[in-house]
Amino acid sequence: MLVPAAAILLLTFVMTLIIFPQLAEFCKFPALLQNFMRTKLPARKPDPGILNCCVKISKQQKQNIPADVFGIELYGTIPVQGEKIYATLQITISDITHRFRNPKPVHSAVKQHRQKNSLIFCYRADLGWISKADRTLFDWTPIAQILCKHLTFPYTGNRLIQLKTSILSRDNGKEISSAVCAFDYQNNSAGYVNLEQNIKNTKTLAVALAFALGAVDDKLYDCEVEIIKQWARRNIELPGVPEKASQKLNKAIEKTIRFFQKGNKVDACKICRQIVRTVPVAERYDILELCLHVTKASGAVSPEETTLLKKLTGWLEVDMERFRSMAEKIIPVSMHQTQDNEVVLGITEEMTKEQARQHLNKEYRKWNARVTNTDPEIQLQADHMLHLIAQTRSQYT
Amino acid sequence: MVNSKSSTAKKAKSTKAKPKSRDDKTANIVGIDLGTTFSALAILNAIGKPTIVPNADGERLTPSVVYFDDDDAKIIRVGIEALNSRHLNVARSVRWIKRQMGDTNYTKKIDNKDWTAVELSALILKKLKQDCSAEHGQIRDAVISVPAHFDEVRRKATMDAGKMAGLNVIGIVNEPVAAALYYATTQQVRGKVLVYDLGGGTFDVTIMDVKGHQMDIICSQGDHALGGIDFDREILQLLEKSYKEKYNAELLASDEDRAKYEDEAEDIKKTLSRRSVAKKMLYGPAGNMKVEITREMFEQAISPLLSRIDILLEVALEEAKLKPSDIDKVLLVGGSTRIPLIQKHLEEMFGHKPEKTVNVDECVALGASLHAGLTMLSQNADEVPQGIAAGLKDVKLKDVCNHSYGTICAPIDKETGQRVIANRIILKKNTPLPCQETQMFYTMSEGQTELEVTITQGEDTDVEYVNKIATHKFKLPPNRPTKCPIKVTYSYDVNQRMHCSFEDLQSGRTLELNFCLDPNGQVSKTDIKQKTEHLQSVKVE
């Protein structure tokens, strides 16, 4: 009876894939099958003659918030040259989802767990003296616990993570032995590579937003353009040779200027929504700061600019009071062509008369304390504000 | 002035006043009201009763005006003569110098010398001291009053001015507190008292609890640029407007014109306190005209300024957690409280007439001299004449912190998750004295060997808006992890001395800083000494 040749071939092929799972990558096997092999196949029994490591993912409750923890365990033998050695433990973690193409190191939020002068995670601990007699761990032994909230992974999502445990000699820092294990991990936080890319993209959007603000009153002044240009040069990096990159950037800016000078408009709300989706709130305040400087550049804040600034604050989902504090510092109150009570004084339409009065009292206290500041510009701003508050308050008495 | 020490250094010197002979005691204790428009000096008599000392012209109030002689800048006139000479050459006169106190950028150039605000104030104080000494003998110990809202820089500037004038300034007192002290020791005052101090250049409101001669300050608020001179400015604007409407020309063609019409405006203001209309002739470059300013016009013009006053009153009441109906008495201080609208408004607001049985122009100086007696009693009871001690024995004053004090730190911003530089308040304004507060801070980086400690004064969390009164480097041990605790303690005693300590809990190392308004403090000693010597050679008339 002939065994079907195709069946033998298939069996051999599958056996090959089981033994050498990484070949699946080269074979461009569907991701589904890769996952199946990683998670469903039984783990091989570790060789006690060498050092092995594994990671157990558990959850810890910290102030009622669950947090993932990597529990690292070792099993096997540490080769000890001589009678005994003083050993240190070192653990590094990488994202190897895009294996052999681009393994990315995991970063640490804790300074103590970083490589020198970098953000790359590197856990170190003393293991103490290890003698020839007790160099073998006959059972899985926990050696470290790492809180995932202190780690910053390169990418968001379901990732294949590689953990490398090294045993180093304290005397010369050389690696005596190491073990590697890979495991799946669902990272729900923003990855730093994602963030960097997002921040880069957002800077381009910020420039568009700044132009939109500058042109909202149908007048795009040279001074406003200059502010945006300088900001773009400082913040937007283009790949390639610096001179050529600079020329490229200038061309892009000139094109944008011509676009707005023709009276074209952009959907600022849409741009803001995109920004909110991609970057954290700190970057959004930086964008608003750019917008404020653009508004200030012309020497007067038009009613249209004030209205758009208010809208931007809402669309970018930032705190209005904090935005007002920024605006107070950058734009002298005397520059406002119209007095918008919300932007200048923080009085919203929802406030009752009593609430508005109390808010104005609070503002008065704040600016009264600033009026004796040694900086003459702050003194002047404070004087103006006190005068304005006193005037406005009469509407609420 | 800052004395700093490490944990191994010696303690700061005590600030005992120097002993004096018994014969000089009665002449020693004075209080000075160094006002924006007028100044006054009061002395404690043998039984502890304060009296105003008239100046050499026989006037109880001395205009706070300085005029440098046209021919010899070393001859300096202070007072009424300076005020009258102003119109001759405005460039050589100085007025309202109190508004520039603490402003290091301000100077007045007279011939080859740049006079600072401190030096100019010292000239006024020298005049007061001189005139008093002529009557009563040597004057040395003094308490000078300042507006309640004056910060440490301005208070120190005032003390420096006193020292330059040759006075031994033993303390600084808030003007409303001085006034309340005088009221409480001479009138029947009880309960929650609001002192409404509207002078020539500043406005302060202080709320206190008075039980006989026991006074507990609750809170203070003030406006540095709100006073009679601002009301005068509004009248001047009315005059200019009237002239322009008639002649379509400017009324004021020179600084001398401005000086002249500023005085006219003040005169109109005072007239309107007595009458419903004030009439004046205007002599301008385009012609002459008669102008009538009515009380209604004046009240309309100053209404934005009165709004500011109202806000401060409300803010002070909020801070004291009181309503207007909780105030038992309103004490008026300062010449500008003579304006009928102000008195009427206060009556409407608080439900009773404000108290004005004492002279509103003099009560601050009188109260300052009482404060000087109290200060001497607390520092050197043996040196105070028995009569004065007996007169003041029942008077107890509990003051509060005039400003908030803090330090600069780098907390994590809750919204952005990033570190920001911020001011953290440790001692809050209006905390009763003596007071002490402690907060814990932590080092930021691994292996941190130095901490820059900054003492701040101000109410803001934004560091740009607070005064940095001292910065020191605090050395820490090496090779330590991050987040090492640093215990920061601020304390403020009844003698206006502030003590700050920064203690590294792990190593025990401590940095201690003492701030005192004692003229024997160590900072800028040489500078003050030189200027004092210079002023001693200057003749003040």
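Residues numbered from 1 in each chain as written. Chains lettered and ligands numbered in written order. Predicted model: local features only at pLDDT ≥ 70, side-chain atom pairs only at ≥ 80, totals over all residues.

### Quick notes on the environment of C291 of chain A
Residue and element names in this part refer to chain A.
In step 1: Take C291: it is sitting in helix α8 (residues 281–297).
In step 2: By the C-beta count within 10 Å, which is 28 here, C291 ends up buried.
In step 3: For C291 and V207, which are 84 residues apart along the polypeptide, the C-alpha to C-alpha distance reads 9.0 Å.
In step 4: Excluding its chain neighbours within four sequence positions, the residues that come into contact with C291 are L209, A210, L213, L309 and L312. (Helix = DSSP H or I, 4+ residues; strand = E, 2+ residues; numbered from the N terminus. Buried ≥ 20, exposed ≤ 12 C-beta atoms within 10 Å, placed from the backbone. Contact = placed C-beta atoms within 7 Å.)

### Some details on the packing of α8 of chain A against helix α9 (residues 303–315) of chain A
Residues and elements named next belong to chain A.
In step 1: Running from N to C, α8 and α9 point in directions that differ by 175°, and their axes come no closer than 11 Å. Judged by the angle between their axes, α8 and α9 are roughly antiparallel. On α9, the residues that touch L288, C291 and T295 of α8 are E305, L309, L312 and T313.
In step 2: Classifying every residue of the contact of α8 with α9 gives four nonpolar, two polar and one charged. (Axes fitted to C-alpha atoms, helices over the stretch in contact; angles between N-to-C directions. Parallel < 35°, antiparallel > 145°, perpendicular 65-115°, else oblique. Nonpolar A, V, L, I, M, F, W, Y, C, P; charged D, E, K, R; others polar.)

### Observations concerning the sheet that holds strand β14 (residues 203–211) of chain B
Residues and elements named next belong to chain B.
In step 1: Spatial ordering of the open sheet is given by β18-β13-β14-β15-β19, a layout of five strands whose pairing is mixed. Sheet topology places β18 (329–333) and β19 (396–398) at the edges, where each strand pairs with a single neighbour. Strand-to-strand twist in this sheet, taken as the mean axis angle between neighbours without regard to direction, amounts to 25°.
In step 2: Along the sheet face, helix α8 (residues 295–320) touches β14 and β15 (214–223) and points at about 140° away from the line of β15. (Pairing = 2+ DSSP bridges.)

### Quick notes on the packing of helix α5 (residues 175–186) of chain B against helix α10 (residues 363–380) of chain B
Residues and elements named next belong to chain B.
In step 1: Two numbers describe how α5 lies on α10: the axes approach to 7 Å, and their chain directions differ by 85°. Relative to α10, α5 is oriented roughly perpendicular. From α5, E175, A178, A179, A180, L181, Y182, Y183 and T185 reach across to α10, where they touch C363, V364, L366, G367, A368, L370 and H371.
In step 2: In terms of residue class, the contact of α5 with α10 is made up of eleven nonpolar, three polar and one charged.

### Some details on helix α6 (residues 228–247) of chain B
Residues and elements named next belong to chain B.
In step 1: Between the first and last C-alpha of α6 there are 29 Å, a value that for 20 residues agrees with the 28 Å anticipated at 1.5 Å per step.
In step 2: For α6, every residue scored as buried is listed here: G228, I229, F231, D232, I235, L239 and Y243. Around the axis of α6, the buried residues are gathered within 155° of arc, so they sit on the same side. Among the exposed residues of α6, those oriented more than 90 degrees off its buried face are Q237 and E245.
In step 3: In this structure, the buried residues of α6 make contact with α7 (255–274), β16 (277–284), β17 (287–294) and α8.
In step 4: Of the residues flanking the end of α6, it is N248, one or two places downstream, whose phi is positive at about 55°. (Expected span 1.5 Å × (residues − 1). Arc of directions from axis to C-beta.)

### Description of the confidence of the model for chain A
In step 1: Per-chain confidence: chain A averages 83 in pLDDT, with 86% of residues scoring 70 or above.
In step 2: Segment residues 1–42 of chain A is flagged for pLDDT under 50; beyond a separation of four residues in sequence, or across chains, it makes 17 contacts in the model. (pLDDT = per-residue confidence, 0-100.)

### Quick notes on the pairing of strand β3 (residues 38–44) of chain B
All names here are of chain B.
In step 1: Counting buried positions over the seven residues of β3 gives seven, a clear majority of the element.
In step 2: Of the two faces of β3, the one carrying F38, A40, A42 and L44 and the one carrying S39, L41 and I43 are both buried.
In step 3: Looking at chain direction, strand β2 (residues 30–34) and β3 are connected through five bridges and run antiparallel. What sits directly across from L34, in β3, is S39.
In step 4: Hairpin connection from β2 to β3: three residues lie between these consecutive antiparallel strands.

### Things to note about the interface of chain A and chain B
In step 1: Each side of the interface is counted separately: chain A has 23 residues, and chain B has 21 residues.
In step 2: Where the side of chain A that touches chain B is concerned, the elements lending two or more residues are α8, α12 (353–370) and α13 (376–393) of chain A.
In step 3: Here the side of chain A that touches chain B is built from residues that sort into nine nonpolar, nine polar and five charged.

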